[in-house]
Amino acid sequence: MVVLAILLPILFGVLLLLGAPRALGVLGALASFALNLALFLAQRGGESFAVSLPLLPGAGVYWAFALDGLSALFFLTVGLTVLLGALVARVEGRFLGLALLMEGLLLGLFSAQDLVVFYLFFEAALIPALLMLLFYGGEGRVRAIYTFLLFTLVGSLPMLAAILAVKALGGSPTFLLKDLLAHPVRGEAALWVFLGFALAFAIKTPLFPVHAWLPLFHRENHPSGLADAMGTLYKVGVFAFFRYAIPLAPEGFAELQGLLLFLAALSAVYGAWVAFSAKDFKTLLAYAGVSHMGVAALGVFSGTPEGALGGLYLLAASGVYTGGLFLLAGRLYERLHTLEIGRYRGLSHSAPGLAALALFLFLAMVGLPGLAGFPGELMTLLGAYKASPWLAGFAFLSVIASAAYALTAFQKTFWEEEGRQVADLGGEEWPFALLAVLALVLLGVFPGFFLQGLRPLAEAFARILGGGA
Amino acid sequence: MTLLVLAGFSVVLTLLGFFVSVPAFKRLTILGLSLGLFALLLTWGRAEAFGPYQVDGVSRAFTLLALLGALWTVGLVRTRRFEFYLLVLYAATGMHLLASTKNLVLMLVALEALSLPLYALATWRRGAGLEAALKYFLLGALAAAFFLYGTALFYGATGSLLAGTPGEGPLYALALALLLVGLGFKVALAPFHFWTPDVYQGSPTPVVLFMATGVKAAAFAALLRVVAPGAGDALALLVALSVLIGNLAALSQKEAKRLLAYSSIAHAGYMALALYTGNAQALGFYLLTYVLATGLAFAVLSEVSPDQVPLERLKGLFHKDPLLGLSLFVAALSLLGLPPLAGFWGKYLVFTEAAKAGQWGLLVLALLTSAVSAYYYLGLALMVFQKGEAEAAPRPLARNVALLVALFLLLLGLFPGTVLPALAAG
């Protein structure tokens, strides 16, 4: 079933790339979401639907996939975000095909149970993102691609070395996650192995000093926002820290924990700071993403079960609201042909529905209790407080700052007097709006339901680090 | 049997060449190479021996690659003289022989049998090609001389002409070193790489394709037999030099064939790393992916222009001919080693072997230089999508083959396990 869930969007993606009509893509996104939802509901703790086929016989590499509480949650939100994008982004079929292709690769990435297979999907998911930028990007796209790829490829190579080292030094017979976990790397080598992973994942998170590829990536992407929404989903660093880097080399993590916590808190505040002064929507959202991922990373780096749960929940939920906001920005661009915040003004007079939707998404991002962003932020900060009260306090500034930049942007766009005339929500935007609002409320009100499968994983994670409940 | 087919066709076609029209001759050459390939597959898994000529797993796998390169070259080239095809056929025969013997003297004969036709092929275009060919010839002759001295010393040290005979003492070490130098020239390992960029740039593109695929395959088979058992640190040094020099020099190249020439030095370094760890399977797989991807890149370049191809001229290739553009894109990414393309598994296997052998220094160096290579491969891959007026007049056949190979690179990347057992025979 997991394999089906991975292959379904890939199949639809390929069909669309070969020239199938766009409607088929919407159907594919819907089917995929329905399947992911069913899988999520059917998932009951542990590893369900495990599959394992030899990939490289003799070398210990397996096509191994399984659904656990963590991957099930990500399956759900990835499927949802892609569906939102398919509903609302006005792009041609092939573009949507690339998005579906990427969805399949991301699902593979989240459910992989073999380190090499994970790496495979991790790298392969670059290609659709690259092609989206290449074919549909703006004028400066070549430079953006260069920056993006150099950062990520350079980051991946130490990771490849770390993957090889984990098996060679730990003495595991295969690259299967459970075998590797049974043979973690100890001693001085653990630090180097962890560093190898950490560099790659910090780039994908993105953490502060290595986030430089991100703003350029978003600025040059197609204004529809679909590529950006997919880019939001590709911030898999926090997930990978939780599932691979830290459990496989806990001693290495222990040595660097202080530094990582500091960098995460710094990212959170720095991202919020830049977002506050951003002139256009995409820059604002891109840096808001940096800030949120900093908070999420803080949770995982805290090494506590609450922190890890909160960080992962934030990662999953942010895909929905940040992705939704990127898509919304795409609709605004279509109406007014600009992304500059200063040039909107007073849209709520002529488009109250649009304004309400935007407010919903913004408030979810800010972390209003009852909406998707809140449970994650709360748990993260609780966990971070246990690890380092000072840094938690420092990072908390970003939450306040996020309220400031989000509400300022909202005010400039939708309130203030002189209203520009724009069309209100219409056509395909209604299902988008309803689905997004419903998802944000559900994620906000019933976090326990979505986290139940994840809790044992987070506790096991904390146990590896010697703490835990 | 493979040898009989190839050699037989070579001789018969030499005579026929004067009577048969060129297009028919081309078809006959293709028939000969295909029959050779067929004979190879027919006897797969069975050992054949005839004196010093011994066909085993290594010989089959590497001959297969060499013949693929030869077929591709013949298919691509546009020439009105039958000698071209004949020379390729002769060279292919030499390659098979080189891959199928342990006797050093026979190896030398085979080496010359494959080199002489290539010297001639390199001059195919007069003018610019002549200088390149002269360089190739002089250095090649020097390499043969090194190989000959090495053979003599090897005999002196071990009393045997069979490669892989264990020995000891300074004489033995010197013999191995000389043999390594001789073969190192052929596969363009640094520091014996100086001919590569000039020759690649100056020679006609289909010939370069042949040099980069066939010659490497055959010479690596020989290296595997001769050097791998006892080379040790000397080989490690060559690995380090090759990956460094190849990748760093490729960074500043403005001409596509020169760029690929330097990158081929780097790839020779990665393959030598597999050699160093003594794993024929990893080497074979790497070579397979390399032959396919490099062949694909040169095939696309030869459709763009038979002469030199400054990178600028590739701009807009995708818009002019999407299939060719995509093929070059895939080839470059596979050479870079980006999953899910086959090139990734080649690198992966080699690096795994290095990790298993505990060669952390070489492994880190290989990874770092691999990261450097990302820069120029991306430049090449992205060039085709930029705005510009590329020239290309591809024939349908060339385009279909390119597409087929590109797809194969993808499939091989998804299911690398399928071909590995076949390469394990060595």
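Chemist: Which parts of the structure should I look at to understand the environment of Ala 299 of chain B?
Modeler: Here Ala 299 of chain B lies in helix H12 (residues 280-304). In this view, Ala 299 of chain B contacts Trp 72, Leu 76 and Leu 209 of chain B; residues no more than four positions away in its chain are not counted.

Chemist: I tried to follow unusual backbone geometry on my own but got confused; where do I start?
Modeler: One can expect most non-glycine residues to show negative phi and most peptide bonds to be in trans. With omega at -15°, the peptide bond leading from Thr 205 of chain A into Pro 206 of chain A counts as cis. A positive phi angle, near 65°, is found at Ala 188 of chain B, a position not held by glycine. Mapping Ala 188 of chain B onto the fold places it in the loop between helix H7 (169-187) and helix H8 (195-202).

Chemist: Can you help me understand the interface of chain B and chain A in this one?
Modeler: Size of an interface: often given as the accessible area lost when the parts come together. Contact with chain B, which involves 29 residues of that partner, is made by 32 residues of chain A. Summed over both sides, the interface of chain B with chain A buries roughly 2,800 Å², with 86% coming from carbon and sulfur. On the surface where chain B and chain A come into contact, there are 0 salt bridges. The interface formed by chain B and chain A contains 1 residue pair in polar contact (both at pLDDT 80 or more). Where the side of chain B that touches chain A is concerned, the elements lending two or more residues are helix H14 (322-336), helix H15 (342-356) and helix H16 (360-383) of chain B. Counting residues per element, the side of chain B that touches chain A draws most heavily on H16 of chain B, at 10 residues. Residue composition of the side of chain B that touches chain A, by class: 24 nonpolar, 5 polar and no charged.

Chemist: Got a minute to help me understand the nonpolar core in this structure?
Modeler: Phe 118, Phe 197 and Phe 201 of chain A together with Leu 314 and Tyr 348 of chain B are the most contacted members of the largest nonpolar core, which totals 371 residues. When residues in this core are grouped by element, the largest group, 18 residues, is from H12 of chain B. Residue contacts for Phe 201 of chain A: discarding those within four places in its chain leaves Phe 118, Phe 122, Met 159, Gly 237, Ala 240, Phe 241, Tyr 244 and Ala 245 of chain A.

Chemist: Got a minute to help me understand the pairing of strand E2 (residues 61-67) of chain A in this structure?
Modeler: A regular strand places its side chains on the two faces of the sheet in alternate fashion. Residue and element names in this part refer to chain A. The buried fraction of E2 amounts to 6 of the 7 residues, a majority that puts the element mostly inside the structure. Summarising the sheet, strand E1 (residues 48-56) and E2 pair through 6 bridges and their orientation is antiparallel. Within E2, the residue paired with Leu 53 across the bridge is Trp 63. Taking the residues between adjacent antiparallel strands as the criterion, E1 and E2 are bridged by 4 residues, where Gly 58 takes a positive phi near 95°.

Chemist: Could you clarify how one ought to interpret helix H5 (residues 104-122) of chain B in this entry?
Modeler: Residues separated by three or four positions in an α-helix point in the same direction, a consequence of the helix having 3.6 residues per turn. Residue and element names in this part refer to chain B. If you check H5, its first and last C-alpha atoms are 26 Å apart, about what 19 residues at 1.5 Å a residue would give, namely 27 Å. Burial in H5 covers these residues: Leu 104, Met 107, Leu 108, Ala 110, Leu 111, Leu 114, Ser 115, Pro 117, Leu 118, Tyr 119, Leu 121 and Ala 122. Its side-chain oxygen placed 2.8 Å from the backbone nitrogen of Val 105, Asn 103 serves as the N-cap of H5.

Conventions and cut-offs
Residues numbered from 1 in each chain as written. Chains lettered and ligands numbered in written order. Predicted model: local features only at pLDDT ≥ 70, side-chain atom pairs only at ≥ 80, totals over all residues. Heavy atoms only, no water. Helix = DSSP H or I, 4+ residues; strand = E, 2+ residues; numbered from the N terminus. Contact = heavy atoms within 4.5 Å. Buried area = accessible area lost by both parts, 1.4 Å probe. Salt bridge = Lys/Arg side-chain N within 4 Å of Asp/Glu carboxyl O. Polar contact = N/O pair within 3.5 Å; in protein donor to acceptor, adjacent residues only side chain to side chain. Nonpolar A, V, L, I, M, F, W, Y, C, P; charged D, E, K, R; others polar. Core = buried A, V, L, I, M, F, W, Y, C linked by side-chain atoms within 4.5 Å. Buried < 20%, exposed > 50% of the residue type's maximum accessible area, 1.4 Å probe, protein only. Pairing = 2+ DSSP bridges. Expected span 1.5 Å × (residues − 1).

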